[in-house]
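Survey of secondary and tertiary structure
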Amino acid sequence: MNTPLVIKSSTVDGTTVLAPQSEIDMSRAPTMRDAIKSALAAKPTKLVIDMSVVDYVDSSGIATLVEALKWTREAKVALALAGLRPRVKTLLEITKLSAMFTTRTTVEDACKV
Amino acid sequence: MEREPEISIRIFSDPHLLATVRGAVDGLAKCIGFHDKSRALLTLAIDEALTNVIRHGYGNQINGMIWLHMWRSADPRGLRIIIEDLGKATDPSKIKGRELDDVRPGGLGVHIIKETMNESAWEPRPSGGMRLTLAKWLNAEELAASYPASSNPEQSNS
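Treat the numbers as computed from the prediction; the structure is a model and nothing was measured.

Another aspect to go through is the sheet that holds strand β1 (residues 7-12) of chain A. Residue and element names in this part refer to chain A. Overall, mixed pairing links the five strands, which are arranged β1-β2-β3-β4-β5 in an open sheet. Pairing within the sheet leaves two strands with one partner each, and these edge strands are β1 and β5 (103-104). Both strand β2 (residues 15-20) and strand β3 (residues 46-50) contribute to a ladder of four bridges, which runs parallel. Opposite V17, over in β3, you have V48 as the bridge partner.

Moving on, we come to the nonpolar core. Ranked by internal contacts, the top residues of the largest apolar core, which has 64 residues, are L18(A), I49(A), A45(B), A49(B), L50(B) and I83(B). Among the elements that make up this core, the one with the highest residue count is helix α2 (residues 36-57) of chain B (ten residues). Other than its neighbours up to four places away in sequence, I83(B) contacts A49(B), L50(B), V53(B), I66(B), L68(B) and L132(B).

What follows deals with the interface of chain A and chain B. The interface of chain A with chain B comprises 20 residues on the first partner and 23 residues on the second. Contributions of two or more residues to the side of chain A that touches chain B are made by α2 (59-75) and α3 (86-94) of chain A. Among the elements that line the side of chain A that touches chain B, the one with the most residues is α2(A), at six residues. Of the residues contributing to the side of chain A that touches chain B, the split by class is eight nonpolar, six polar and six charged.

Turning our attention to unusual backbone geometry. With an omega dihedral of 0 degrees, the bond running from D75(B) to P76(B) counts as a cis peptide bond. Residue position: P76(B) is located in the loop between β2 (65-74) and β3 (77-85). Positive phi values are uncommon outside glycine, yet K76(A) reaches one of about 55 degrees. Mapped onto the elements of the fold, K76(A) is located in the loop between α2 and β4 (78-82).

Let us now look at the sheet that holds strand β5 (residues 130-137) of chain B. All names here are of chain B. Strand order in the open sheet formed by five strands is β1-β2-β3-β5-β4, and the pairing between neighbours is antiparallel. In the strand order of this sheet, the two ends are held by β1 (7-12) and β4 (119-124), each with one partner. Between one strand axis and the next, the sheet turns through 15 degrees on average, direction left out of account. Summarising the sheet, β3 and β5 pair through seven bridges and their orientation is antiparallel. Residue pairing in the sheet places I82 in a bridge with T133 of β5. Running over the sheet, helix α1 (residues 18-32) touches β1, β2 and β3 and is turned about 165 degrees from β1. Along the sheet face, α2 touches β2, β3 and β5 and points at about 10 degrees away from the line of β3.

Residue and element names in this part refer to chain A. The interhelical angle for the contact between helix α1 (residues 29-41) and α2, taken along N-to-C directions, is 15 degrees, at an axis separation of 9 Å. The angle between α1 and α2 places the two elements in the roughly parallel class. Crossing of α1 over α2 shows right-handed handedness. Contacts between α1 and α2 involve A29, M32, R33, I36 and L40 from the former and S60, G61, A63, T64, E67, A68, W71, T72 and A75 from the latter.

We now examine the environment of T64(A). Residue and element names in this part refer to chain A. Residue position: T64 is located in helix α2. Separated by 24 residues in sequence, T64 and V88 place their C-alpha atoms 13 Å apart. Setting aside residues up to four positions removed in sequence, T64 forms contacts with I24, A29, M32 and R33.

Attention shifts here to α1(A). Residues and elements named next belong to chain A. In this model α1 runs 18 Å from its N-terminal to its C-terminal C-alpha over 13 residues, within 8% of the 18 Å that 1.5 Å per residue would give. Those residues of α1 lying buried are A29, M32, R33, A35, I36 and A39. One face of α1 carries all of its buried residues, which in axial projection span an arc of 160 degrees. Those residues of α1 that are exposed and angled more than 90 degrees off the buried face are K37 and A41. Residues of α1 that are buried sit in contact with β1, β2, β3 and α2. Once α1 finishes, K43 follows within two positions and takes phi at roughly 55 degrees, a positive value.

This part takes up the packing of α3(A) against α2(B). It is at 10 Å that the axes of α3(A) and α2(B) come closest, and there the two elements cross at 60 degrees. Our pair here, α3(A) against α2(B), has a crossing hand that is right-handed. Across from R87(A), T90(A) and L91(A) in α3(A), the residues of α2(B) making contact are K37(B), A40(B), L41(B) and L44(B). Counted by class, the contact of α3(A) with α2(B) contains four nonpolar, one polar and two charged residues.

Rules and cut-offs
Residues numbered from 1 in each chain as written. Chains lettered and ligands numbered in written order. Predicted model: local features only at pLDDT ≥ 70, side-chain atom pairs only at ≥ 80, totals over all residues. Pairing = 2+ DSSP bridges. Helix = DSSP H or I, 4+ residues; strand = E, 2+ residues; numbered from the N terminus. Core = buried A, V, L, I, M, F, W, Y, C linked by C-beta atoms within 7 Å. Buried ≥ 20, exposed ≤ 12 C-beta atoms within 10 Å, placed from the backbone. Contact = placed C-beta atoms within 7 Å. Nonpolar A, V, L, I, M, F, W, Y, C, P; charged D, E, K, R; others polar. Axes fitted to C-alpha atoms, helices over the stretch in contact; angles between N-to-C directions. Parallel < 35°, antiparallel > 145°, perpendicular 65-115°, else oblique. Left-handed = near helix turned anticlockwise from the far one by under 90°. Expected span 1.5 Å × (residues − 1). Arc of directions from axis to C-beta.

What follows is the structure, encoded as structure tokens:
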């Protein structure tokens with residue numbers, strides 16, 4: 001059975017970093033979606049999603065990232081993905097979504113977007 | 001499929017069970033000789049197929065039955081899979097991935113399955129529910145690494 005998705009959250013100087021701590025699949029995507037909504041409700045200037053320990057995302061997880069993209073655009077909040085692992089990168093590529101996201105290797109770089 | 005499946009798994013339509021199935025598929029794929037990237041795509045495609053059954057076949061009810069049958073294939077080398085359920089049947093002609101230029105959540109699963117697998121075919125089961133038949137073959141590099149004597153570059157697609 002899947003364990004619940006734990007998401008670390010921190011905010012410094014208006015930039016909120018969300019760091020999911022495990023796979024994002026159909027059972028865990030709603031938790032990620034709620035975390036993104038809560039983060040945006042606090043009106044940050046930037047939202048960084050630290051994906052560095054996420055080694056599996058299914059289309060539910062991708063859909064959540066697409067929602068994050070839409071919500072941040074509507075709220076005029078910068079969004080960046082940090083530390084994408086190869087499997088997740090591959091999924092973004094085959095769904096032709098990789099160009100839609102700003103990605104950086106590290107959270108530190110993503111916070112400068 | 002004339003032979004008995006080498007691995008059969010019956011699960012409830014509970015998303016929390018998907019990780020366990022991914023592990024089984026990945027393990028068999030590794031035995032067959034699929035490399036890491038192929039295994040990642042293969043497990044993703046199976047995951048997407050099961051997710052679609054849970055979401056569309058069973059309307060997110062967690063007590064539906066899903067059967068996953070797997071066979072190693074010798075010619076071509078690879079993996080054959082059948083997924084069956086007793087959920088709501090769908091007209092196979094209406095099972096389509098969405099246009100990827102349309103950036104919105106949802107509809108990616110079918111695209112991922114078709115992009116990833118060499119064969120994919122949906123059909124209603126005579127006794128109710130749906131049957132999805134899938135196959136993925138080793139690519140040339142994987143074939144050469146695991147079965148050098150039978151290596152055939154024309155088998156590759158990915």
